[in-house]
Amino acid sequence: MSTLRFYAIKESSANKPIVVEEKERRSDLFGKNVFNENTMRQYLTKDAFVGVMNAIQYGKKIDRSIADQVASSMKDWALSKGVTHYTHWFQPLTGTTAEKHDAFFETVGNGMAIEKFGGSQLVQQEPDASSFPSGGIRNTFEARGYTAWDPTSPAFIYGTTLCIPTIFVAYTGEALDYKTPLLRALNAVDNAATDVCKYFDKNVKKVTSSLGWEQEYFLIDRLLAASRPDITLTGRTLLGHSSAKGQQLDDHYFGSIPSRALNFMRELENECMLLGIPVKTRHNEVAPNQFELAPIYEEANLAVDHNSLLMDVMGRVASRHNFKVLLHEKPFAGINGSGKHNNWSLSTDTGVNLLSPGKTPMSNLQFLTFFINTIKAVHENEELLRASIASASNDHRLGANEAPPAIMSVFIGEQLTKVLEELEGVTKGKLSPEEKTELKLNVVGKIPDVLLDNTDRNRTSPFAFTGNKFEFRAVGSMANCGNPMTVLNTIVAKQLIDFKKEVDLLIDKKDLKKDEAVFNVLREYIKATKAIRFEGNGYGKEWEAEAKKRGLSNNKTTPEALKAKISKKSIALFEEMNVMSKIESVSRYEIEMEAYIMHIQIEGRVLGDIARNHIVPTAVKYQNMLIENVKGLKEIFEEKFRTVAQEQISLIEEISSHIENINANVTKMTNERRKANVIEDVEKKAMAYCNNVKPFFDEIRKHCDKLELLVDDEIWPLTKYRELLFTR
Ligand code: ADP
Ligand code: MG
C-alpha cells in the first residue's frame, strides 16, 4: 500500500501545468453554446420567439405548435454545432445533476435515417423515476415521474449534447427535484414583493430574486487523491495528522495562484463562458490548495442551474488537469473548510434593487421596508433557515470556529443599526408634519452616504447585509443552492404578505397615510426582531450563551436541524405559499434524513476499513521492526540492553496501546452501526447514527493520527496531509 502512496507522490510531482489557449475574448465566447435570447432571435419565427419570451417573463404557457417550432429550431442550431444527442437536464434530490441522452437520430424505413426532435420531446420526458429519491411519494411499482421543460432557463450544449433544463415531478404531481419548489417560491416572492412595491411605485409589474454564489473548493492532485480511499469514497479525509505547516502563515489567501491551478481555472472559465455562466472572480482562499470562484449575480433560478452545472463542469475540467476537485465542506481537519456564500437581493422590472438605498427619501423608505421585512422573515423562521443548509458534511463546518455558527443571526452594521434605533422612536399612529420632515431629511434621507462607508463587514455572521444585498454565508460548498434559496424566498414572500395586510389595515381602519402606516409597522418589526440582530463575534462561546437567552435555536447536527422542516408552522407556510404540499415537505425531510444516515454509514465503514486493514497492519509491521531491533540490542548489550533499548520498548508499548484502542473502538462502532441499522423510524435511526456511531470517528482517528507520528514514514500507507496540501 505504501507503494501506492510513493508512486502517487512521484508521478504527481511530474505533473506540469496543462497549456490552455485563450484565443478569443471572454465577451466573444460568452453564451456561444446557449440557446439564449440572441440565438432565439436568429433561429425562431416571430410567433415562437414571442411565445418563449412571454413564458420567460410572465410565466405564460407555451402551446403545442410553438413548442414544435422551438424544438425544430433548437435542433437546427444544435446540429450546426455538431451536437448528436439531447437530454432533459434536471436536479434530483440526490444533490447532483441527472441526464439521460437520446440521439436526434431516427430511422425512417428503407434503410434511411434523419435527425428528429419534436415539441413533445422538448416539453416532456419520462425517465425511470424509480431510482431517484422520492421519500416514499412514489412506490417503485408505479415508477412514473416526468421531466418538463423550464423555458426560463435556456437550453445549452455541453460536449455534443443539447441539455434542456427541466423540472422533475412525480406522475401524481409532487416535486422530486430542487427546481420545482424554487420556481414556486420565486413566483410567491414576485407576487408578494410586487404588491408591496406598489406602495412606492405603481409601475412595478415584476420583482425578480437574484443570486450570486461564491463557490469555495479544494484542488488536489488527482493521483494523490486517488491514493486515499477516504477521499475517493467520501470526498474527505477521515484521518490524517495535520501538516506541520497549515494555514498559520496566511500566505495562501489572495496569494499568487499556482500555475497548474491557474491553468485549470482558465479552462474552467472558458467552459463557463461558452455555457453562459458569467464567472468573474477567482482567488486563493485561506487554506492551502483552497480556492474560490464567483460569478456576476443572476436571476435566482438561472443562478442555481449555473451553480449545479458549474460543480459538474469543475470535476470534468479538473481531471483534464490531473486534479480532483473537493467540494466537501470539510475535506481536511485542522484547516478551513469550504462554503458557498449566497448573495441575495430583490429587484424590480423598473430596474431598482430593493435592497439598495436609493436617492430619494421615498425610495429609501422602500429600501427600509424590504430590508426590515427580510430581517423579520429571518427572525420568524431562523430554525427553518438553519434546516435549509443542514447536511452531514456541513455539520463539520457550522460552528467549527471558522464558519458561521449553527445559530442564525443577522448582521447589519453600525450605521444601519443606528437608523433602526431612530426609527424605533417614531410616534405611534399619526405623525406630525415636523416629525415627517425630520424623518425624511435626517433619518431616511441620510442612508445613501451612510452606507458608502459601511465597510466593516462581520465575517462571522451567517446572514449579513453587505451594502446592497444579504449574504447567506452558512450554505455548504457542496449544496444545491435551490434548497436555501427556496426557503429564503418563501419566508420573505410570506413576511411581505403579512406586512401588506398590516399596513393596509392601518390605512383603512386608522386612517393613516401610506407612509405613516409603513413607519408604524416597521417600528413594531424593529422592536420585535431585536433577538435576531447580532453584530458581535459569531464564533465566540459567549454568543452561544447569549443566543440561548434570546431564544434562538442552536441545532448543531443535521438530524436535530432538519426537524424544523416538518414542524406544523413550516408545513403550513409552504402550503400557504404554494411552494410545497405537506407530502412534499415530509418526503424531503425523509430523503434528507436518509441521506444523512447513508453518509455517516459509509464514512463509518470506510474508516473502520482503513483503520483495521491499513493502519493497524502497518503499525504491527513497524512494531515488528522495533522488536527485531530490541532483540538485536539484547544480543549485543546483554544485561545493559534495557537502558539502550528503552525508547524502542516504550514505542512498542505505545503502539500496542493505540492498536488496542483502534480495534476496540472499531468493534464498538460496528456494533452501534448494527444496532442503528435495525431501527425502522428514520428520525430515531438518524439520531442513533449521529449520537452513537459518529462519536467513534474522532476516537478512532485520534489513535490512527498518533500512529502516523510514530510509524516509519517509509511504510506509512496513506498519503499525508503535507503531500495532499502542498503539492502544486
Ligand atoms: P465579497 O462578498 O467576497 O466581498 P462581492 O461582494 O463583490 O464579494 O460579491 C460577491 C457576490 O455577490 C458576487 O457573485 C456578486 O455578483 C454578488 N452580488 C453583488 N451584488 C449583488 C446583488 N445586488 N444581488 C445579488 N448578488 C450580488
Ligand atoms: Mg462574500
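A quick note: this is a predicted structure, and the numbers were derived from the prediction, not measured. (Residues numbered from 1 in each chain as written. Chains lettered and ligands numbered in written order. Predicted model: local features only at pLDDT ≥ 70, side-chain atom pairs only at ≥ 80, totals over all residues. Heavy atoms only, no water.)

**Concerning the overall build of the chain**
No. 1: Counting secondary structure elements, the chain contains 27 helices and 17 strands.
No. 2: At 29 Å, the chain has a C-alpha radius of gyration in line with the 27 Å of a compact globule built from 728 residues.
No. 3: Taking the principal axes of its C-alpha atoms as reference, the chain extends roughly 105 × 80 × 55 Å.
No. 4: Burial statistics for the chain: of 728 residues in total, 56% are counted as buried.
No. 5: Pairs at least 24 residues apart make up 76% of the contacts formed inside the chain by residues separated by at least 6 positions.
No. 6: Of the roughly 31100 Å² of accessible surface on the chain, a fraction of 52% belongs to carbon and sulfur atoms.
No. 7: Taking the 93 positively charged and 97 negatively charged side chains of the chain as two groups, their mean positions are separated by 1 Å. (Helix = DSSP H or I, 4+ residues; strand = E, 2+ residues; numbered from the N terminus. Rg over C-alpha atoms; globule rule 2.2 N^0.38 Å. Buried < 20%, exposed > 50% of the residue type's maximum accessible area, 1.4 Å probe, protein only. Contact = heavy atoms within 4.5 Å. Areas by Shrake-Rupley, 256 points an atom, 1.4 Å probe, with all protein chains shown as cover. Lys, Arg positive; Asp, Glu negative; His and termini not counted. Charge placed at Lys NZ, Arg CZ, Asp CG, Glu CD.)

**Description of the domain arrangement of the chain**
Quoted interface sizes are often the accessible area lost when the parts come together.
No. 1: Each assigned domain of the chain is listed with its residue range as follows: domain 1 (31–174), domain 2 (186–238 + 247–580) and domain 3 (595–726).
No. 2: Taken over C-alpha atoms, the centre of domain 2 sits 41 Å from the centre of domain 3.
No. 3: Counting each side, the surface lost to burial between domain 2 and domain 3 is near 2200 Å², with a carbon and sulfur contribution of 70%.
No. 4: For the domain 2 face of the interface with domain 3, the top three residues by lost area are Arg228, Leu238 and Pro559, together amounting to 27%.
No. 5: The interface formed by domain 2 and domain 3 holds one salt bridge in total.
No. 6: If you look at where domain 2 meets domain 3, you find eight residue pairs in polar contact (both at pLDDT 80 or more).
No. 7: At the level of secondary structure, the elements contributing two or more residues to the side of domain 2 that touches domain 3 comprise β9 (207–221), α8 (222–226), α9 (229–234) and α20 (558–562).
No. 8: Top element by residues in the side of domain 2 that touches domain 3 is α9. It accounts for five residues.
No. 9: Taken together, the residues of the side of domain 2 that touches domain 3 break down into 15 nonpolar, seven polar and six charged. (Domains from an automatic or database assignment. Buried area = accessible area lost by both parts, 1.4 Å probe. Salt bridge = Lys/Arg side-chain N within 4 Å of Asp/Glu carboxyl O. Polar contact = N/O pair within 3.5 Å; in protein donor to acceptor, adjacent residues only side chain to side chain. Nonpolar A, V, L, I, M, F, W, Y, C, P; charged D, E, K, R; others polar.)

**Focus: the coordination of the magnesium ion (ligand 2)**
No. 1: Taken together, Glu214 (OE), Glu214 (OE) and Glu471 (OE) make up the full set of protein donors to the magnesium ion (ligand 2), lying 2.1 to 2.7 Å away. Taken together, the positions of glutamate 214 in strand β9 and glutamate 471 in strand β17 (residues 470–472) put the pair 257 residues apart, joining distant regions of the chain. For the pair shown, glutamate 214 and glutamate 471 are each scored as buried. (Donors = N, O, S within 2.8 Å, 3.2 Å for Na, K, Ca; no water.)

**Thoughts on the pattern of salt bridges**
No. 1: In the structure shown here, the tally under the stated rule is 44 salt bridges.
No. 2: Ionic pairing is found between glutamate 21 and lysine 23, a salt bridge with its closest N-O pair at 3.5 Å.
No. 3: Using a relative accessible area of 75% as the deciding quantity, one classes lysine 23 as exposed.
No. 4: Measuring nitrogen to oxygen at the nearest pair gives 3.9 Å for the salt bridge that ties lysine 376 to glutamate 380. Of the two residues, lysine 376 and glutamate 380 both sit in helix α12 (residues 361–380), four residues apart, roughly one turn of that helix.

**Notes on the nonpolar core**
No. 1: Tyr217, Phe264, Leu368, Phe371 and Leu423 are the most contacted members of the largest nonpolar core, which totals 115 residues.
No. 2: In terms of domain composition, this core takes at least three residues from each of domain 1 (31–174) and domain 2 (186–238 + 247–580).
No. 3: Those residues in contact with tyrosine 217 that lie beyond four places of it in its chain are Phe264, Met265, Asn289, Gln290, Phe291, Glu292, Leu293, Met314, Val325, Leu326, Leu327 and Ser338.
No. 4: With 47 residues, the next largest nonpolar core counts Leu607, Val616, Ile652 and Leu710 among its residues. (Core = buried A, V, L, I, M, F, W, Y, C linked by side-chain atoms within 4.5 Å.)

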